[in-house]
Amino acid sequence: MTMLARLSRAFPDRSVLPGGALSILVSAVAFATAMFELYLFAEAWLEPLVLAIIFGTIVRSIWAPPPLFDAGIDFTAHRILEFAVMLLGLSVSAGMIAAAGLALVSGIALLVCIAIVVGLTIGRVHGLPWRMACLVACGNAICGNSAIAAIAPVIAAEKEDVASAIAFTATFGVVVVLALPLLGTAIGYSSLQYGALAGLTVYAVPQVIAAAAPMGLTAIQFGTLIKLVRVLMLGPVCIALSLLMARRRRGLSESASRIAVSNLLPWFIVGFLVLAAVRSSGLVPEAVIEPVTTAATMLTVLSMAALGLGVDIRSLASAGPCVSLTVVLSLGTLVLMAMGLIRVIGL
């Protein structure tokens, strides 16, 4: 199938309107709840992405949408998410790598790769299906919920797996934000060292800022830089998983590597790479980047609302203990590796 044919499949017809409208309603409630959190606590402990899944799952548990809604829910959960992932390419810049330095970037890349392998192994040992284990491992290693949402369409993950991975990863991610300052103080890290620890372990950029704030401005700035470099690993990981999935589906041998890249990489990953290259070339005005990134975030939340609308809450409960244990052990391993990298680099 050509790339043009793949793109044509992404365009909807009128059958998606009911399910799409329902997904928009649920995502709007999620955004409103996050704003209410900010008003009450000056901090959104549960971000809209997580709230969208929770509210969608609650709606699905109380009222099962009739078949009329199926097409729109499916389109929003998959095609909209793929488009959002493509837009994220504009948030990737080669300048971030140059700012961090080759040694630090290489260390971060190695840490992410090892963390994914270790997390995947832990998940499989504890009985998780490989797709679920992959979601949890990549979420822990890269950027939490955003990584899970981006990788889900690449590996064709089930809705229940995505919802479980995001729900439990988000929960323990908040615990890390609260506990990390205590750990940094106990170890006696400097502001620079603690900023590196936060950037290497905490999931989202706002959470890095929250976790690093007790150690001062230097910790916030350095932690944010490292976190952004860590997020850059999302692109290479998505590409690697795309090639792995293509090989699994087609039973490719080494001699079959001549097959066109467009037949191996999903259209949205190709789009991601193109937009990343355009951003790195300096052709995109800086004023455009923030609105596009915001749009990608909003579309991701919308797709997560649709995903929640298709999830049976009983499947989340049954997967809970295994996912929780995998997340905890993976996070612990990530923290230890981050401390080792800080020592090796000599920060």
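If you're wondering where the values come from, they're calculated on a predicted model, not measured in any experiment.

### Concerning the overall build of the chain
Helix and strand counts for the chain come out as 16 helices and zero strands. Expressed as a percentage of the 347 residues in the chain, the buried residues total 49%. Pairs at least 24 residues apart make up 80% of the contacts formed inside the chain by residues separated by at least 6 positions. Counting every atom, the chain has about 15600 Å² of accessible surface; 71% of that belongs to carbon and sulfur.

### Focus on helix 4 (residues 70-87)
Compared with the 26 Å implied by 1.5 Å per residue over 18 residues, the 25 Å span of helix 4 between its first and last C-alpha is a close match. Thr-76 marks the point of greatest bend in helix 4, at about 30 degrees. Taken residue by residue, helix 4 has Gly-72, Ile-73, Phe-75, Thr-76, Ala-77, Ile-80, Leu-81, Glu-82, Ala-84, Val-85, Met-86 and Leu-87 as its buried positions.

### Considering the nonpolar core
Soluble globular proteins tend to pack their nonpolar side chains together in the buried interior. Judged by nonpolar contacts, the single largest core of 96 residues is most densely connected at Leu-135, Ile-142, Ile-151, Ile-155, Val-162 and Met-304. Per-element tally for this core: the top contributor is helix 7 (residues 130-143), with eleven residues. For Ile-155, the residues in contact, after removing those within four places along its chain, are Trp-130, Arg-131, Cys-134, Leu-135, Leu-241 and Met-245.

### Comments concerning empty space enclosed by the protein
Summed over all chains, the structure comprises one cavity of 30 Å³ or more. Roughly 40 Å³ of volume is contained in the largest cavity. If you list the elements that add at least two residues to the lining of the largest cavity, you get helix 6 (102-125), helix 7 and helix 16 (313-345). Taken together, the residues of the lining of the largest cavity sort by class into five nonpolar, four polar and no charged.

### Concerning the state of the cysteines
Applying the stated criterion across every chain yields a total of zero disulfides. With no disulfide of its own, Cys-134 lies closest to Cys-138 among cysteine sulfurs, the gap being 4.0 Å. Cys-138 gets classed as buried once you look at its relative accessible area, which sits at 1%.

### Here we look at the packing of aromatic side chains
According to the stated counting rule, one finds two aromatic pairs in the structure shown. Plain terms: the ring middles of Phe-36 and Tyr-39 are 6.5 Å apart, the flat faces sit at 25 degrees to each other, and that makes the pair stacked. Taken together, the residues Phe-36 and Tyr-39, both in helix 2 (residues 17-41) and three residues apart, mark about one turn of the helix. On the basis of an interplanar angle of 85 degrees and a centroid distance of 5.6 Å, the ring pair of Trp-63 and Phe-69 is categorised as edge-to-face. A relative accessible area of 39% places Trp-63 in the partly exposed class. We classify Phe-69 as buried; its relative accessible area is 16%.

### Let's talk about helix 12 (residues 217-232)
Here helix 12 contains 16 residues, and its C-alpha end-to-end distance of 23 Å stays within 8% of the 22 Å for a straight helix at 1.5 Å per residue. Within helix 12 the residues assigned to the buried category are Ala-219, Phe-222, Gly-223, Thr-224, Ile-226, Lys-227, Val-229, Arg-230 and Leu-232.

### Remarks on a nonpolar patch on the surface
A cluster of nonpolar residues, Leu-46, Ile-54, Ile-58, Ile-62 and Trp-63, forms a patch on the protein surface that exposes about 450 Å² of accessible area. Secondary-structure assignment places Leu-46 in the loop between helix 2 and helix 3 (48-62).

### Considering the environment of Val-176
Positionally, Val-176 belongs in helix 9 (residues 159-187). Here the alpha-carbon distance between Val-176 and Thr-201, two residues 25 residues apart in the chain, equals 8.2 Å. Excluding residues that lie within four positions of it along the chain, Val-176 makes contacts with Val-202 and Leu-331.

### Some remarks on the environment of Val-105
Note that Val-105 resides in helix 6. Under the relative-accessibility criterion, Val-105 is labelled buried at 14%. C-alpha of Val-105 to C-alpha of Val-229: the two residues are 124 residues apart in sequence and 7.0 Å apart in space.

### Some remarks on the environment of Ile-54
Take Ile-54: it is sitting in helix 3. Between the alpha carbons of Ile-54 and Ala-167 there is a distance of 7.9 Å; along the sequence they are 113 residues apart.

Calculation rules
- Residues numbered from 1 in each chain as written.
- Predicted model: local features only at pLDDT ≥ 70, side-chain atom pairs only at ≥ 80, totals over all residues.
- Heavy atoms only, no water.
- Helix = DSSP H or I, 4+ residues; strand = E, 2+ residues; numbered from the N terminus.
- Buried < 20%, exposed > 50% of the residue type's maximum accessible area, 1.4 Å probe, protein only.
- Contact = heavy atoms within 4.5 Å.
- Areas by Shrake-Rupley, 256 points an atom, 1.4 Å probe, with all protein chains shown as cover.
- Expected span 1.5 Å × (residues − 1).
- Bend = angle between axes of the 7 residues up to and from the residue.
- Core = buried A, V, L, I, M, F, W, Y, C linked by side-chain atoms within 4.5 Å.
- 1 Å grid on protein atoms, 1.4 Å probe; cavity = no way out; pocket = protein on both sides within 12 Å on 5 of 7 lines; lining within 4 Å.
- Points joined across faces, edges and corners; volume = space filled by probe spheres on them.
- Nonpolar A, V, L, I, M, F, W, Y, C, P; charged D, E, K, R; others polar.
- Disulfide = S-S within 2.5 Å.
- Phe/Tyr/Trp six-rings, centres within 6.5 Å; stacked < 30°, edge-to-face > 60°.
- Patch = residues over 30% accessible without salt bridge, like charges linked within 9 Å, V, L, I, M, F, W, Y side chains within 5 Å.
- Salt bridge = Lys/Arg side-chain N within 4 Å of Asp/Glu carboxyl O.

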